[in-house]
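# Remarks on the overall topology
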There are 2 protein chains.
Amino acid sequence: MGCIMDTTNLTRKKTSRRVTMEDVGKMAGVSQVTVSRALSDPDKVSAKTLKKITDAIDATGFVPNAIAGALASQKSNLVSALVPSITNIVYSAAVASFSSVMREHGYQVLLSETGFDPADEEAMILTHLSRRPDAVLLTGIHHTAKARKMLLASDIPVVEIWDVTESPIDICVGFSHDKAAAMAAEFAVSNGYGMAATVSASDERAQRRRNAFEMRFAELTGTKVEYAVQCEHASLANGRAGLRALQGQQMTPGTFVFCSSDVLAHGMLIEANAQGLTVPSDVAIMGFGDQEFAAHTEPSLSTVRVDRAKLGSSAAMALLSRFENAVPVAPVNDIGFEIVKRTSA
Amino acid sequence: MGCIMDTTNLTRKKTSRRVTMEDVGKMAGVSQVTVSRALSDPDKVSAKTLKKITDAIDATGFVPNAIAGALASQKSNLVSALVPSITNIVYSAAVASFSSVMREHGYQVLLSETGFDPADEEAMILTHLSRRPDAVLLTGIHHTAKARKMLLASDIPVVEIWDVTESPIDICVGFSHDKAAAMAAEFAVSNGYGMAATVSASDERAQRRRNAFEMRFAELTGTKVEYAVQCEHASLANGRAGLRALQGQQMTPGTFVFCSSDVLAHGMLIEANAQGLTVPSDVAIMGFGDQEFAAHTEPSLSTVRVDRAKLGSSAAMALLSRFENAVPVAPVNDIGFEIVKRTSA
DNA sequence: CTGTTAGCGCGTTCAC
DNA sequence: GTGAACGCGCTAACAG
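This one's a predicted model, so the numbers in the text were calculated from it and none came from an experiment. (Residues numbered from 1 in each chain as written. Chains lettered and ligands numbered in written order. Predicted model: local features only at pLDDT ≥ 70, side-chain atom pairs only at ≥ 80, totals over all residues. Heavy atoms only, no water.)

## Considering the domain arrangement of chain A
For chain A, the assigned domains are domain 1 (8-64), domain 2 (76-175 + 309-337) and domain 3 (177-305). The centre of domain 1 of chain A, based on its C-alpha atoms, is set 62 Å off from the matching centre of domain 3 of chain A. (Domains from an automatic or database assignment.)

## Remarks on the relation of the copies chain A and chain B
Relative to chain B, chain A is turned by 180° and slid 0.0 Å along the rotation axis, the superposed coordinates differing by an RMSD of 0.1 Å. The transformation relating the two chain copies, once decomposed into turn and shift, fits a two-fold axis. When each C-alpha of chain A is compared by its distance to the rotation axis, Leu-110 of chain A comes out closest, at 2.5 Å. Comparing interface residues between copies, 100% of those in chain A also lie at the interface in chain B; the contact surface is shared. (Least-squares fit on C-alpha atoms with pLDDT ≥ 70 in both. Contact = heavy atoms within 4.5 Å.)

## Focus: the UniProt feature "domain: HTH lacI-type" (unreviewed entry) in chain A
Per the UniProt annotation, the sites labelled "domain: HTH lacI-type" (unreviewed entry) are residues 19-73 of chain A. The annotated region residues 19-73 of chain A carries 71% helix and 0% strand content, and the separation between its end C-alpha atoms amounts to 20 Å. (UniProt positions renumbered as here; feature names shortened; annotations may be inferred. Helix = DSSP H or I, 4+ residues; strand = E, 2+ residues; numbered from the N terminus.)

## Describing the interface of chain A and chain B
Chain A puts 51 residues into the contact, and the matching count from chain B is 51 residues. Summing both sides of the interface, chain A and chain B together bury roughly 4,700 Å²; the carbon and sulfur share of this comes to 58%. When the area that chain A buries against chain B is broken down by residue, the three leading residues are Gln-108, Arg-131 and Arg-132 of chain A, summing to 16%. Applying the counting criterion to the chain A and chain B interface returns two salt bridges. If you look at where chain A meets chain B, you find 24 residue pairs in polar contact (both at pLDDT 80 or more). For the side of chain A that touches chain B, the elements supplying multiple residues, two or more each, are helix H5 (66-73), helix H6 (89-104), strand E2 (108-113), helix H7 (118-130), helix H8 (145-154), helix H11 (236-248) and helix H12 (262-274) of chain A. (Buried area = accessible area lost by both parts, 1.4 Å probe. Salt bridge = Lys/Arg side-chain N within 4 Å of Asp/Glu carboxyl O. Polar contact = N/O pair within 3.5 Å; in protein donor to acceptor, adjacent residues only side chain to side chain.)

In structure tokens:
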């Protein structure tokens, strides 16, 4: 008997249960269902019971259990977003506008970093799918075969952002990195540069831009892009080192340097200034991205503008209209880009 | 009859149900529970049935339903993180290290932006709590009374980061902004500066630093901080404008300028260079944060180092050991800061 | 080692 | 306008 009493006490010790709709209903003198209705569709409940319910809700401090709701309704109001890095403003800015639009429509965003490895991404995708998101946002168009398969099997909308492809998993919104870089090469040539170099980060899209730039520049001028440096990631330090590396390659004065990102370009600008070089006459520098600071460096940075806010909101809108499934959503959405000529090149 | 058949067809049209543990079990010739065990505790299942189960899992493409799991076990393996802005690297870096540690321990992070308004934060908190996170991470120590109440009632661990206070909701990990700014003032004085100015963003912590700097500087030198400019947010553009504004206030050459962030300081550096001014003799500039770029500006930036990665991981570890509830967790964790003297001041 | 029985807290029918 | 009954897919006791 003493034993039984002990057990009872231990059970009691479990901190008091969270308040449920049942509890709220009891206090308001109605059933659980009515509480549920009062929250999801207040018009379907009489004014007076509604009042009793809302009173009971803030008397008890009731917080709806979205987990239970999701299980019952088969709708989580959650969307997953997978980006390589959240500390890279280029990705976080797009996600921020994406999240903001989704939130306005009642969705929360479960955000994770995948790094740049598709295998890691695949593992993340599985974890995310287990939370039964109503949609998934992915960065880039390269994913493992198994990832594609899981996504397809999950039967929910998927947007891939930052790139365009003829064969998206479902929807893609982005722009052609090849075209953007090719146009940068055309910009260089039409501004009279006969020599070019590249400094780029090691991620796949940066490499693709670099190649496209080099190819188009050679095509246009007949002269190969002689100087190239590759660095791990985009940082001021790597930009400065990049210019020094190029100089180590005996880069000719007056060369046009295409950087894979504005940050790298900014680093080169700083290094050039520190060395007493004049930009663009000694070195011409072009960035990529048109980040907020690009217009305010000295000299201001010529770059390729990509509308990150639009990227995010377009992705959100695509998903949203996919949920309504009234009108069919275009599978490939090209938001384009824009060459911005300022003073660094 | 025809009517009934139609209805049946419509029902059938609902896309084929997702595969459940029940389905997997059926295929493997075991019950649903055994499947559950096979996944959560493989040792408790015989080798041969385990094999049959794993075979069935990848034959069917089964993806566990974490929603149902969370409802049944009363554990979501989800933690909420609320930050003012995810595009501000200062916050996203801390969250990235936080997430990384949490993920290693099986938790996913539900991240949302709150902006800088406590009322907005309160609304977000409610939404997040409805997902029944196992813990919550908050930025700063100022929250509405209702927010505190909800958090307390939720009875889950809460970490507040970026600041320390004697009365955290639960746990806080950060540093004293007052002390950091006061020490920046001491740095200025001990380096011989007799005049000071401030340029700061409008958020609460930045203002607190500004005030603490001004107070300590006046205390030490007997001369009031004459020049001050405030701007909406930290950006290169606002840093450049800040220097010009200070000049508009007839700031004496050789003044020490304390900026509320490295980005603002970097902007000032650029503006100074553009004007042909020499730093630090014409203007001395100090930043705050020691972001990655601070060592690579020209001249390199003196600043106050805050270890953002440690901030995030400490917060994660505090929560984690709170989950184990073996040893009690210290309610206030001060990770400190460090004055970094480089060449801009 | 495996299966049975109960819920978890809500939404979704249906009755009334 | 309101309630009873059922089920979402899983974990947590138990029993065998």
